[in-house]
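# Overview (structure and organization)
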Amino acid sequence: MDFSAIQFDDILGYNESSAIIEDSSAYAEMYGGDGGEAFSTTGDFSHNASDGDYMTGGEFRESHSVLVDGGDRFGVSAVTVDPKEELVWMGNSGGHVTSYLSTDFMKYTSFQVHATEEIRDLCAVDSGILALTPTSLNLRTRQGIHNFTYQSEELENMQCMLQMGGRFSHCLLMGGHQNTLVEYDLTRGEMTNSHQVGENGCVILRYHPRFVCHGDRTGKIVLHDPRTMRSEHSFQAHTGSLSDFDVLGNYIATCGFSNRMGQLLSDQFVMVFDLRMMKLSLPLRALVPPLLLRFVPGLSSCLAVVSLMGQWQLMDAGQPDNAIMSMSYQVSCVPESVITTFDVASSSQAVVFGDSLGSLHLFTSGNKPTFNNFSQETVMIDLQDHTQTLPLTDETTSLASVPLYYPTSSLISDWPEQYMKVRYRPTPPFDPAIIQSMKIVGSIGYAPNVHNKKRNQVPYKFSRTKGQKSNSTDNASGKNEEGYTVHVPWRYRKIEIKYGKHGMDDFDYDQYNRTSFSGLDMSLPNSYCNPMLQMFYYIEPLRALMMSHLCEKEFCLVCELGFLFHMLDISMGQGVPCHASNFLRAFRTIPEASAMSLTLSDQDNRAKINFASKIQSWNRFVLQQLHSETLEDKIEHSMTENYDDRMIHLSKQNTSDVSPDIDQPKNKEGSTVQSQDKIENSPLASIFGAHVVSINKCTKCSFEIHKNTTSLLVNLNFPEVTEGSCPFSSVVERSMSLEQTRQAWCDSCTRYQPIEQSRRYKTLPNILAMNCGLDSAQDFKFWKHQFVVLLTDIRDKKKEDEKKSDDNNKSNERSTPSLSAGSPSTPSKRYPDSSTPQPSPARPCRYGQACTRHDCRFWHAGRDSSEESQPVHVLNLLDQTMEHSWVPLGMKATLNQDGTVSIVDLTKTQLEECYSDGKDVVYELVGAVSHIADPRFPDKNNLVTCFKVGPSYHVRAKVSSVSHWYLFDDISIQPIPAEEAVWFPCGWKVPCVLYWKQRHQAKPVCPIEPINPITVDVFGEDKSLAQRGKKRITFTPLTADEMPGEGDLVAMDAEFVNLHQEEAEIRSDGTRTTIKPSHKSVARITCIRGQGPLEGTPFLDDYISTQEQVVDYLTQFSGIKPGDLDANFSQKHLTTLKSTYVKLRYLVDKGVKFVGHGLKNDFRVINMAVPAAQLIDTVHLFHMSHNRMVSLKFLAWHFLKLKIQSVTHDSIEDARTALALYQKYCDLKASDELVMALQGLYQAGKKAQWKVPGEEEEDQ
């Protein structure tokens, strides 16, 4: 694990790190108010002067807060106050540096230092400003002029720098996540020395007249002699990691983190070390959890301490018993931002803060604050004198004062008369195919839609010059780059749904899916991964593994996949697609996924997204993530020495021949071999994993490094040579045993050398996951060439067979009338030659001789093919038949003694007769994810899955126990033949991911049932995330004897907030169509006892914390207010969605019956599937067919004589009302009065216009 990335890039960069926990109880202990009372943002607090030498209350105030250049995209990463001039320098994570003049914060200079790397540190020197990035050092003058840029191999991942003082002022030290300190001479402009600091590196540097101090990643501070850089003394400041430290006079003050219960928790104390005694003084307890600190210049022991959320205070390091000098100040940053850096001016009159959202905050004290007591004069730009102008808003100055020139002849700028004529836009020409196929009925002509334009739309295309082609990217003809026509079948096209006024409830999904399986909704931004989610679900052992997992991690992909697979199980036969919203929500929170650009937004243009490459990156990343989350043993030392000798040494000696005196084994050439046996075992690795030996051999000294790893997938590597035929199995064999030479570091030569890299297999995976690549023009050229060679050979063979058949039946042909030229039944025309014009081998045109379309692709009897037809490319045969494919349905793999793998293709017939045994492994294709690209609609590219669903899934769906192939296109599921899975027309369908499964002897269908990990213990883990004040508990938890069982009633209601608003269009006739439904997130879930002594009492009332931006709290309908879902401000019982989700899942698994109003919508947003038999919805109980649905508010008034939801909604009140309505329903049904009651309900509703009488007066 890269410790630096966790400890400093995340913690110091504040990427939603859940490891930093701030305990608000410290405020209540140090300040005599309520535990949840916030500090004043101005720092004004009343206190007695006798309590200590406090500074004047409210001395510092926030005078300026500005959004820096690039602040809308990058956060502030470094800030320094110039000790020479009245300037503040700022660097952001986008490599940009900006300076501000004086305490008025006027922008002075702004320039880009690096295009991609962030600014790690800034240092103001006499000649300008030094900016440090991870791999370079840059010097600019204060006016922004470039001086030099220094780059070296020694600068690997730099973090900090320090200009030494005294006679060493020309020396600059640079440190980072490496084992050396780099010494750079600013006078000579070159590196002069490097000093070893150990493997923990150097992340913070501070200067003292006697020492050079550096802190490392483990919380240790080391003091060096500035002359020799020899280590003189060290302190272990913190057990976890070091957040910040500073040195002044006789004191070193530090703040950091400690390891407690497996988490990094911020220390509440500031550690102070006395340099006179070289030991720890009494620690200082801060009012705010310290994250950054600085000594205030001019005061011997005054210390400024800053917290993560922007609270800061002044402390006295010299008085541990009475250290607090001022109460807490608050930086006015938004709740989503955190403080990333700050600095204190040398005059002690200004403090500058930078936050993660790109804002700079200035605190000043006094009437005329300055940065330095004695500053040099800043060079200002010479402003040119501007000519006096006349404002447009000036209404007093006479226009006669403006001189005007009246020409007596024509001007050069006058246009010629021939260009001044009025010209109207010409009518664009119609497609000749439309004119020819048009049928005239009366005065109106009808023609079939060619699908190259939208309905009632005629685009105008302009050319700048005569004869110049238009630059339009529309491919109306549907032809690909090679010029032959592409026709994408409807079942492969991207599905676009326009919902009605009831949204998803009135949409007929049966038109897309007539199977018993459930599709996945595609309205969410990152739903491009739906094909892979379907693929994962139908892999039986992976489904069982995901559904058997449950952990306490809030965002766990394995848990969310298990929940999603449970939904797909429950939704079988219901005809409604599932939503993967919770899984995608957890996926978005992974920082690595965002860094790899695997997350999309609604604003991304689909036409510019390479979905083929993105889904392969997604496959690789998610497999590795699932492997990490299910990891059992990270390191296993269980390799067989005999196998290592055969694999690694490649010699004829046995292990008994190796001398025990030799520390490292020798191969047959006498070279040294270093072995690293580290295999990570996880349940996922038992499904997808293969034990692989990676061999790196130096070509100069023959030094070898052998590393045993677990490989989860194979990336296809295509040959560069495209000539001739190459079986698909040869490409797979080459990719699995890839050998290549690269420039890399050799530990033996201690320099970069050509390294031969190869891989050898010890075991083969049960499921072979394969990324097809095809992301370069060379790879795709090879792919198409193999299909061309295959189809050409088939066509030539057919022609030879037909020629022999024609010679044998020549006499019969003379006696029988010959078939018409170009008939599809003519064998010679079924496989045309690409070099000669031939008609399309499609079925006859239904219009026959009456067809007038010159480009009709159907066959016409008697039409001359040489005149009216175009040459047919051999790849067009793929659009007409699925019989032939370069990709086989099966492969047979053999693991050789030397670790290489031999693979051969298997035909469909051979595959049915072969099974895996002890020697050979037979793989059959079970899944393929393909990219669909229609040249006519580049913004509607799509990803689909072809998967062979096993017998156990058909058994669960209560159909015959067979295996069958299906095409999954989001909500569309259609059965297909096996040949269609490997049918890849090169014009529009390209494979991205292939999954192969070992084929074993047929066994009786025995589904792998997962172990349900959700037990009654989930109700015992009831913790609130709210950190402020006392929590108002509105429910009574269940006791052990109250746990609901099968058939018990539980009343439930949920409230929601909007994350994205609904997108709809209103047509000219006033009808409203929903294009994209609103994206809601659950905010509150309430469950109430439906029976027992405490009937009607809530046992669950959780507010759900969310880290996503809420665009509408829907307070009028949900009762949720801003702050209720924020752990820093909420006083509700706030929990994570997962914590409440597992409680509901337990109730669902137990067979509890839920009572509520609109439960279908509630569980859809919660992202949970519940069997229909367990839902009792009052919406449907009190509904008559062909009539409107009745609201809960009106039902409560009509049947229960209650007025609810008068001001806002409350989920407890709504759940109790639904339970009372169900009891009323049972009474009416028992007395046979239900029908009359419903008729009375609708009569009363129509009379009152479905409004509760008197609610208008109450509102007024």
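Here the structure is a predicted model, which is why all the values come from computation and not from measurement. (Residues numbered from 1 in each chain as written. Predicted model: local features only at pLDDT ≥ 70, side-chain atom pairs only at ≥ 80, totals over all residues. Heavy atoms only, no water.)

## Some details on the sheet that holds strand β26 (residues 311-316)
For the record, the criterion: Any two strands with at least two DSSP-identified bridges between them are counted as paired. Starting at the N terminus, helices and strands are each numbered in turn, a helix being any DSSP run of H or I of at least four residues and a strand any DSSP run of E of at least two.
Spatially, the 4 strands line up as an open sheet ordered β24-β25-β26-β27, and their pairing is antiparallel. The open sheet has two edge strands, β24 (292-295) and β27 (329-330), and neither has a second partner. The sheet contact formed by strand β25 (residues 302-306) and β26 spans 5 bridges and is antiparallel. By the bridge assignment, V305 is partnered in β26 with Q313.

## Notes on the sheet that holds strand β10 (residues 158-163)
As a reminder of what qualifies: Between N-to-C directions, angles cover 0 to 180 degrees, with each direction set by a line fitted to C-alpha atoms, over the stretch in contact for helices.
A sheet is described by the order of its strands in space; here 4 strands give the open sequence β10-β11-β12-β13, paired in antiparallel fashion. Of all strands in the sheet, those bounded by a partner on one side alone are β10 and β13 (190-196). Within the sheet, the average angular offset between the axes of one strand and its neighbour, ignoring direction, is 25 degrees. Across 5 bridges, β10 lies against strand β11 (residues 171-176) in antiparallel orientation.

## Concerning the side chain of S301
For clarity, the cut-off: Two N or O atoms count as a polar contact when they lie within 3.5 Å, although within protein this holds only if one can serve as hydrogen donor and the other as acceptor, and sequence-adjacent residues are included solely when both atoms are side-chain atoms.
Take S301: it is sitting in the loop between β24 and β25. Side-chain polar atoms of S301 contact the side chain of D316, separated by 2.5 Å.

## Here we look at the UniProt feature "binding site: a divalent metal cation" (unreviewed entry) in the protein chain
Which entries qualify depends on this criterion: UniProt positions are given in the numbering used here, feature names are shortened, and annotations may be inferred rather than shown by experiment. Residue contacts follow a heavy-atom distance rule, with two residues in contact if any of their heavy atoms lie within 4.5 Å.
As recorded in UniProt, the sites labelled "binding site: a divalent metal cation" (unreviewed entry) are D1053, E1055, D1162 and D1214. Spanning 162 residues, the annotated positions come together in the fold, the maximum distance between their C-alpha atoms being 12.8 Å. In this structure, D1053 sits in strand β47 (residues 1049-1060). Beyond its immediate stretch of four places on either side in the chain, D1053 contacts R1084, I1085, T1086, D1162, S1211, D1214 and A1215. Topologically, D1214 is positioned in helix α25 (residues 1211-1230). Those residues in contact with D1214, other than ones at most four positions away along the chain, are D1053, E1055, L1192, I1204, Q1205 and H1209.

## A few points about unusual backbone geometry
Despite not being glycine, N1167 shows a phi value in the positive range, around 70 degrees. By the element assignment, N1167 lies in the loop between α22 (1159-1166) and β54 (1175-1177). A positive phi is found at D1232, a non-glycine position, where the angle reads about 55 degrees. Structurally, the position occupied by D1232 is in the loop between α25 and α26 (1234-1247).

## Remarks on the pairing of β13
Looking at chain direction, strand β12 (residues 180-185) and β13 are connected through 6 bridges and run antiparallel. Along β13, the bridge assignment pairs V182 with S194. If you look at the hairpin formed by β12 and β13, you'll find 4 residues sitting between the two strands, and G189 has a positive phi there, around 70 degrees.

## Description of the pattern of salt bridges
Using the following cut-off: We define a salt bridge as a contact between a side-chain nitrogen of Lys or Arg and a carboxyl oxygen of Asp or Glu at a distance within 4 Å. Exposed residues in this analysis have more than 50% of their type's maximum accessible area, buried residues have under 20%, and partly exposed residues fall in between, with area computed by a 1.4 Å probe over protein chains only.
Taken as a whole and judged by the stated rule, the model has 28 salt bridges. Here K84 makes a salt bridge to D126, at a shortest N to O gap of 3.1 Å. Taken together, the residues K84 in the loop between β2 (76-81) and β3 (87-92) and D126 in the loop between β6 (121-125) and β7 (128-133) connect sequence positions 42 residues apart. Judged by relative accessible area, which is 62%, D126 ranks as exposed. With its nearest N and O atoms 2.9 Å apart, the salt bridge here joins R1084 to D1101. Highlighted residues: R1084 in strand β50 (residues 1079-1089) and D1101 in strand β51 (residues 1098-1104), separated in sequence by 17 residues.

## Quick notes on the packing of helix α5 (residues 540-547) against helix α6 (residues 557-570)
Selection criterion: With respect to orientation, any angle under 35 degrees is reported as roughly parallel, any angle over 145 as roughly antiparallel, any angle of 65 to 115 as roughly perpendicular, and every other angle as oblique. Left-handed describes a crossing in which the near helix is turned anticlockwise from the far one by less than a right angle; the clockwise case is right-handed.
One way to put it is that α5 packs onto α6 with a least axis distance of 7 Å and a crossing angle of 115 degrees. Judged by the angle between their axes, α5 and α6 are roughly perpendicular. Helix-helix and strand crossings are classified by hand; for α5 and α6 the assignment is left-handed. In this structure, α5 uses L542, R543, M546 and M547 to contact α6, whose residues at the interface are V558, L561, G562, F565, H566 and D569.

## Considerations on the environment of M309
Here M309 lies in the loop between β25 and β26. Taking relative accessible area as the criterion, M309 reaches 24% and is therefore assigned partly exposed. Taking the C-alpha atoms as reference, M309 lies 8.2 Å from C333; in sequence the two are 24 residues apart.

## Observations regarding helix α12 (residues 728-736)
How we decide: The directions from the helix axis to the C-beta atoms are what the arc is built from.
Every buried residue of α12 is listed here: F728, S729, V731, V732, S735 and M736. Buried residues along α12 cover an arc of 160 degrees about the axis, so they all sit on one side.

## Some remarks on the side chain of T254
Within the element layout of this structure, T254 appears in strand β19 (residues 251-260). One polar contact links T254 to H238, side chain to side chain, over a distance of 3.1 Å. Look past the residues within four positions of T254 in its chain and what remains in contact with it is I221, A237, H238, L242, D244, F245, F269, V270, M271, F273 and L293.

## What to know about the packing of aromatic side chains
The line we're drawing: When the centres of two rings from Phe, Tyr and Trp lie within 6.5 Å, Trp using its six-membered ring, the rings pair. Their planes under 30 degrees apart give stacked, over 60 give edge-to-face, and anything left gives tilted. Two thresholds decide whether a charge sits over a ring: the Lys NZ or Arg CZ must be within 6 Å of the ring centre and within 35 degrees of the ring normal.
This model, assessed by the stated rule, comprises 50 aromatic pairs. Their ring planes at 35 degrees and their centres at 4.6 Å tell us that F235 and F273 sit as a pair that is tilted. Of the two residues, F235 is situated in strand β17 (residues 231-236) and F273 in strand β21 (residues 269-274); the sequence distance between them amounts to 38 residues. With relative accessibility at 5%, the residue F273 sits in the buried group. By way of ring pairs, the aromatic residues F517, Y537, Y538, F565, F947, Y953, Y966 and F968 are connected into one cluster. The aromatic ring of F937 is capped on one face by K940, whose charged end is 5.0 Å from the ring centroid.

## Observations regarding the confidence of the model for the protein chain
For clarity, the threshold we go by: pLDDT measures the predictor's confidence residue by residue and takes values from 0 up to 100.
Summary statistics for the protein chain give a mean pLDDT of 80 and a share of 80% for residues scoring 70 or more. Low pLDDT, under 50, characterises residues 1-58; the predicted model gives this stretch 103 contacts beyond four residues in sequence or across chains. A low-confidence stretch, residues 864-871 (pLDDT under 50), is modelled with 13 contacts involving residues beyond four sequence positions or located in other chains.

## Describing the packing of helix α4 (residues 530-537) against helix α9 (residues 611-629)
Selection criterion: Note that Gly is not counted as nonpolar here; it falls among the polar residues with everything else outside the nonpolar set of Ala, Val, Leu, Ile, Met, Phe, Trp, Tyr, Cys and Pro and the charged set of Asp, Glu, Lys and Arg.
Packing of α4 against α9 leaves a shortest axis separation of 10 Å and a crossing angle of 45 degrees. Put simply, α4 runs oblique to α9. When you trace α4 past α9, the crossing you get is right-handed. Note on element contacts: α9 touches α4 through I615, W618, N619, V622, L623 and L626, opposite M532, L533 and F536. Across the contact of α4 with α9, the residue classes tally to 8 nonpolar, 1 polar and no charged.

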